[in-house]
Amino acid sequence: MQTAGGLSACLPITSDLDLVWVRQHVRQAAAQLGFGLVAQTKLVTAASELARNTLVHGGGGQMECAPVNRGGVRGLRLTFSDEGPGIADLDQALRDGYTSAEGLGMGLGGARRLVHEFDIDSSPGRGTTVTVASWVSAPPRPREER
Amino acid sequence: MTGLSPSPYGGQVPVLRIGDVLLVTLQGDLHDGTAEQLQQDVSEAAADSRVNGVVIDLSGVEIVDSFLGRVLADIAAKTRLLAAETVVAGMRPAVAITLVELGLTLPGLRTALSTEEALRLLGGASISPRYGRTRQESP
Ligand SMILES: Nc1ncnc2c1ncn2[C@@H]1O[C@H](COP(=O)(O)OP(=O)(O)O)[C@@H](O)[C@H]1O
Ligand SMILES: [Mg+2]
């Protein structure tokens, strides 16, 4: 499941405990890539929010973690996917404080603020995929190319 | 991952009593279930005994997400009903910076740089060498 470098991985998200593994993996991968402490903490926190959404709202799924390199700048891309109910109204879901369950409603909007790139693909009945990326230094030509 | 074996905190978080204050020390990466259990344990301990404050030592915690944030806020809300105050101590700078960006405000939580400062903030209780109770009467 993991390459020799330990950066790439596909981790299941089906329980509380899996959230712990996701956080630990992202922490270690970010540290290995050279992310500073604050940048690591932001990325791990975003991953924790998104993985919990995959578990709680999406009914379980997985996270893929992959190192990326754009114009010599290294980064980490995380993809959270599930085949749950999907999100009908993305704007509403991203709004701070909106929750359909008993959360604080800060996860999606908060995660978006904590990473350099954020993309969400969801349709009712088909599931949800959230892809985020952060870069070790300032993001190269942000929000272009995917 | 080079031999680093994660040790998720699946067990219980001890709730210590020092004088009139409950001291909870969080370490490492908490399971959601452990965090929820903690919330219950603190409420029960606070209701059982007359306490005037709860100190939550976060110095060993590497991230606070909205789940743990809600648990902390709920502990503060419950203890406030019992006329006690909650102080979060020793939050790492990286965690504090991240919380702000995440958008969490943690209503009802005071913060202190260290457990000692938190105990001073709550007034009265302080740690003596044997964790005994020290009364500080106002003159
Ligand atoms: N993977 C997902 N599948 C289905 N719905 C989701 C998913 N992620 C988020 N949502 C929806 O978006 C809302 C907001 O998410 P979030 O900001 O993380 O708040 P919370 O998780 O606290 O409810 C959720 O309440 C839910 O309705
Ligand atoms: Mg959430």
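Source: prediction; values computed, not measured.

A. Inspection of the overall build of chain B at higher detail. Secondary structure summary: chain B contains four helices and five strands in total. Each helix (α) and strand (β) of chain B, taken in turn from the N terminus, gives the series β-β-α-β-α-β-α-β-α. Here chain B holds 139 residues, and 49% of them are scored as buried. Within chain B, counting contacts between residues at least 6 apart in sequence, those at least 24 apart form 69% of the total. Of the accessible surface of chain B, which amounts to about 6900 Å², a share of 52% is contributed by carbon and sulfur atoms.

B. A look at the overall build of chain A. Each helix and strand in chain A was counted, giving four helices and five strands. Over its C-alpha atoms chain A spans a radius of gyration of 14 Å, differing by no more than 12% from the 15 Å that the globule rule assigns to 146 residues. A total of 146 residues make up chain A; the buried ones form 51% of that total. For chain A, contacts bridging at least 24 residues in sequence account for 58% of all contacts bridging at least 6. For chain A, the exposed surface amounts to about 6600 Å²; the carbon and sulfur share of it is 50%. The centroid of the 14 positive side-chain charges in chain A is displaced by 8 Å from the centroid of its 15 negative side-chain charges.

C. How the structure looks around the UniProt feature "domain: Histidine kinase/HSP90-like ATPase" (unreviewed entry) in chain A. Residues annotated in UniProt with the feature "domain: Histidine kinase/HSP90-like ATPase" (unreviewed entry) correspond here to residues 40-132 of chain A. Split by type, residues 40-132 of chain A is 32% helix and 35% strand. Its first and last C-alpha atoms lie 14 Å apart.

D. Highlighting the site of ligand 1. All names here are of chain A. Neighbouring residues of ligand 1: 17 residues in total, closest Asn53, His57, Asp82, Thr99 and Ser100. At a separation of 2.7 Å, an oxygen atom of ligand 1 approaches a polar side-chain atom of His57. Taking 530 Å² as the accessible area of ligand 1 by itself, protein coverage stands at 92%. Partitioned by chemical class, the residues of the shell around ligand 1 number six nonpolar, ten polar and one charged.

E. Structural view of helix α1 (residues 32-48) of chain B. Spanning 17 residues, α1 of chain B covers 25 Å between terminal C-alpha atoms, matching the ideal 24 Å at 1.5 Å per step. Buried residues in α1 of chain B make contact with α1 (16-33) and α2 (37-56) of chain A together with β1 (15-18), β2 (21-27), β3 (53-60) and α2 (66-81) of chain B.

F. Examining the sheet that holds β3 of chain B more closely. Residues and elements named next belong to chain B. Reading across the sheet, the five strands line up as β1-β2-β3-β4-β5 and stay open at both edges, with mixed pairing between neighbours. Whereas interior strands pair on both sides, the edge strands pair on one side only; in this sheet they are β1 and β5 (109-112). If you compare each strand with its neighbour and ignore which way they point, the axes differ by 25° on average. Here α2 sits on the sheet in contact with β2, β3, β4 (85-89) and β5, set at roughly 160° to β3.

G. Up close: the sheet that holds strand β1 (residues 9-13) of chain A. Residue and element names in this part refer to chain A. With respect to topology, five strands assemble into an open sheet ordered β1-β2-β3-β5-β4, the strand pairing being antiparallel. Two strands lie at the open edges of the sheet, namely β1 and β4 (117-123), each paired on one side alone. Within the sheet, the average angular offset between the axes of one strand and its neighbour, ignoring direction, is 15°. Alignment of strand β2 (residues 61-70) against strand β3 (residues 73-82), held across ten bridges, turns out to be antiparallel. Bridging from a neighbouring strand, Gln62 pairs with Ser81 of β3. Strands β1, β2, β3, β4 and β5 (127-135) of the sheet are contacted by α2, whose axis makes an angle of about 15° with β3.

H. Looking closely at the confidence of the model for chain B. All names here are of chain B. On average, chain B scores 82 in pLDDT, and the residues at 70 or more come to 81%. Across chain B, element-level confidence peaks in helix α3 (residues 93-102) with a mean pLDDT of 96 and bottoms out in α1 with 88. In this model, residues 1-9 is a region of pLDDT below 50 whose contacts with residues beyond four sequence positions or in other chains number 20 contacts. Here residues 128-139 is modelled with pLDDT under 50, and outside its nearest four sequence neighbours on either side it reaches 13 contacts, counting other chains as well.

I. The arrangement of the nonpolar core in detail. Counting residues in each nonpolar core, the largest one holds 65 residues, and the members touching the most others are Val22, Met63, Leu76, Leu78, Phe80 and Phe118 of chain A together with Leu26 of chain B. Considering every element that reaches this core, the biggest residue donor is α2 of chain A, with seven residues. In this structure, Phe80 of chain A is in contact with Ile13, Val22, Ala47, Leu50, Ala51, Thr54, Gln62, Met63, Thr128, Thr129, Val130 and Val132 of chain A, ignoring residues within four places of it in sequence. Formed by ten residues, the second largest nonpolar core is a distinct cluster that contains Leu23, Val87, Ala89 and Leu119 of chain B.

Rules of the game
Residues numbered from 1 in each chain as written. Chains lettered and ligands numbered in written order. Predicted model: local features only at pLDDT ≥ 70, side-chain atom pairs only at ≥ 80, totals over all residues. Heavy atoms only, no water. Helix = DSSP H or I, 4+ residues; strand = E, 2+ residues; numbered from the N terminus. Buried < 20%, exposed > 50% of the residue type's maximum accessible area, 1.4 Å probe, protein only. Contact = heavy atoms within 4.5 Å. Areas by Shrake-Rupley, 256 points an atom, 1.4 Å probe, with all protein chains shown as cover. Rg over C-alpha atoms; globule rule 2.2 N^0.38 Å. Lys, Arg positive; Asp, Glu negative; His and termini not counted. Charge placed at Lys NZ, Arg CZ, Asp CG, Glu CD. UniProt positions renumbered as here; feature names shortened; annotations may be inferred. Near = heavy atom within 4 Å. Polar contact = N/O pair within 3.5 Å; in protein donor to acceptor, adjacent residues only side chain to side chain. Nonpolar A, V, L, I, M, F, W, Y, C, P; charged D, E, K, R; others polar. Expected span 1.5 Å × (residues − 1). Pairing = 2+ DSSP bridges. Axes fitted to C-alpha atoms, helices over the stretch in contact; angles between N-to-C directions. pLDDT = per-residue confidence, 0-100. Core = buried A, V, L, I, M, F, W, Y, C linked by side-chain atoms within 4.5 Å.

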